[in-house]
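Structural overview
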Amino acid sequence: MHSLLRADTLETCVLTRSQYNIIMDLKEIDGLRGIWERMGRVRANPAANLPDLWLEVETMEYMAEGLLLYCPMATDPDGTTTFDLDNVLMILGRYEDVTTIPGWLAPERTLYRIDASRLLPDEVELDPVEYD
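Described in the following lines is the structure provided in the data block. (Residues numbered from 1 in each chain as written. Predicted model: local features only at pLDDT ≥ 70, side-chain atom pairs only at ≥ 80, totals over all residues. Heavy atoms only, no water.)

Structural notes on the overall build of the chain
- Scanning the chain for helices and strands turns up 2 helices and 9 strands.
- The secondary structure elements of the chain, listed N-terminal to C-terminal, are β-β-α-α-β-β-β-β-β-β-β.
- Principal-axis analysis of the C-alpha atoms gives the chain an extent of 65 × 30 × 25 Å.
- Across the 132 residues of the chain, 40% fall into the buried class.
- Long-range pairs, those at least 24 residues apart, make up 63% of the contacts in the chain with a sequence separation of at least 6.
- For the chain, the computed accessible surface area is about 8,300 Å², with 50% contributed by carbon and sulfur atoms.
- Side-chain charges of the chain comprise 11 positive and 25 negative groups, with the mean position of each set lying 11 Å from the other. (Helix = DSSP H or I, 4+ residues; strand = E, 2+ residues; numbered from the N terminus. Buried < 20%, exposed > 50% of the residue type's maximum accessible area, 1.4 Å probe, protein only. Contact = heavy atoms within 4.5 Å. Areas by Shrake-Rupley, 256 points an atom, 1.4 Å probe, with all protein chains shown as cover. Lys, Arg positive; Asp, Glu negative; His and termini not counted. Charge placed at Lys NZ, Arg CZ, Asp CG, Glu CD.)

Examining the pattern of salt bridges
- In this structure the tally under the stated criterion is 6 salt bridges.
- Here Arg6 and Asp8 are joined by a salt bridge, their closest N and O atoms 2.9 Å apart.
- A relative accessible area of 24% places Arg6 in the partly exposed class.
- Residue Asp8 is classed as partly exposed on the basis of its relative accessible area of 49%. (Salt bridge = Lys/Arg side-chain N within 4 Å of Asp/Glu carboxyl O.)

Comments concerning the sheet that holds strand S1 (residues 5–6)
- Read from one edge to the other, the open sheet built from 3 strands follows the order S1-S6-S5, with strand pairing classed as antiparallel. Because the sheet does not close on itself, it has two edges, and the strands there are S1 and strand S5 (73–75).
- Pairing between S5 and strand S6 (residues 81–83): 3 bridges, direction antiparallel. For Thr75, the partnering residue across the bridge sits in S6 and is Thr81. (Pairing = 2+ DSSP bridges.)

As for the nonpolar core
- Of all hydrophobic cores here, the largest spans 32 residues; its most connected members are Leu53, Trp54, Leu55, Leu67, Phe83 and Leu111.
- Listing elements by their share of this core, those giving two or more residues are helix H1 (17–28), helix H2 (32–38), strand S3 (53–58), strand S4 (63–70), strand S7 (88–92) and strand S9 (109–114).
- Excluding anything up to four places from it in sequence, Leu55 contacts Ala64, Glu65, Gly66, Leu68, Leu85, Leu89, Ile91, Arg109, Thr110 and Leu111. (Core = buried A, V, L, I, M, F, W, Y, C linked by side-chain atoms within 4.5 Å.)

Focus on the pairing of strand S8 (residues 98–102)
- When S7 meets S8, the two strands line up antiparallel, connected through 5 bridges. Note that in S8 the partner of Ile91 across the bridge is Thr99.
- Counting the residues between successive antiparallel strands, the hairpin from S7 to S8 contains 5 residues, one of them, Tyr95, with a positive phi of roughly 60°.

A word on the pairing of S7
- Among the 5 residues of S7, 4 are classified as buried, and the element is accordingly described as predominantly covered.
- Across 3 bridges, the pairing between S4 and S7 is antiparallel. From the neighbouring strand, Leu67 faces S7, where its bridge partner is Leu92.

Focus on unusual backbone geometry
- Positive phi, close to 55°, is recorded for Arg41, a residue that is not glycine.
- By the secondary structure assignment, Arg41 is in the loop between H2 and S3.

Right under this line is the structure:
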């Protein structure tokens, strides 16, 4: 069992342009933002108007990455938000894909705080062209 993660101890990540498109989907497609709002507005910064947490899960059963829309949260006595990743997790991935993952079955996961100050270029992997 993992301990609760504190918002002030999370590493940051810079999104690529294609990853950032997931945030644009959340802003533009009816209903997606509503899911996040109805599920409690999980975020590291209490003043954030959009999700600011990126979750990567990689196990034999589950492979997903995207915006964290839901996980149980609490507030420590000092006012710091904590996240329980051993419970049910809801992620918004590419192509408007909302995935629910039982956290207790996905121990290989990493939660990041999104650095919204810049974007990274997308990595393009092309196979070499084969000629007959």
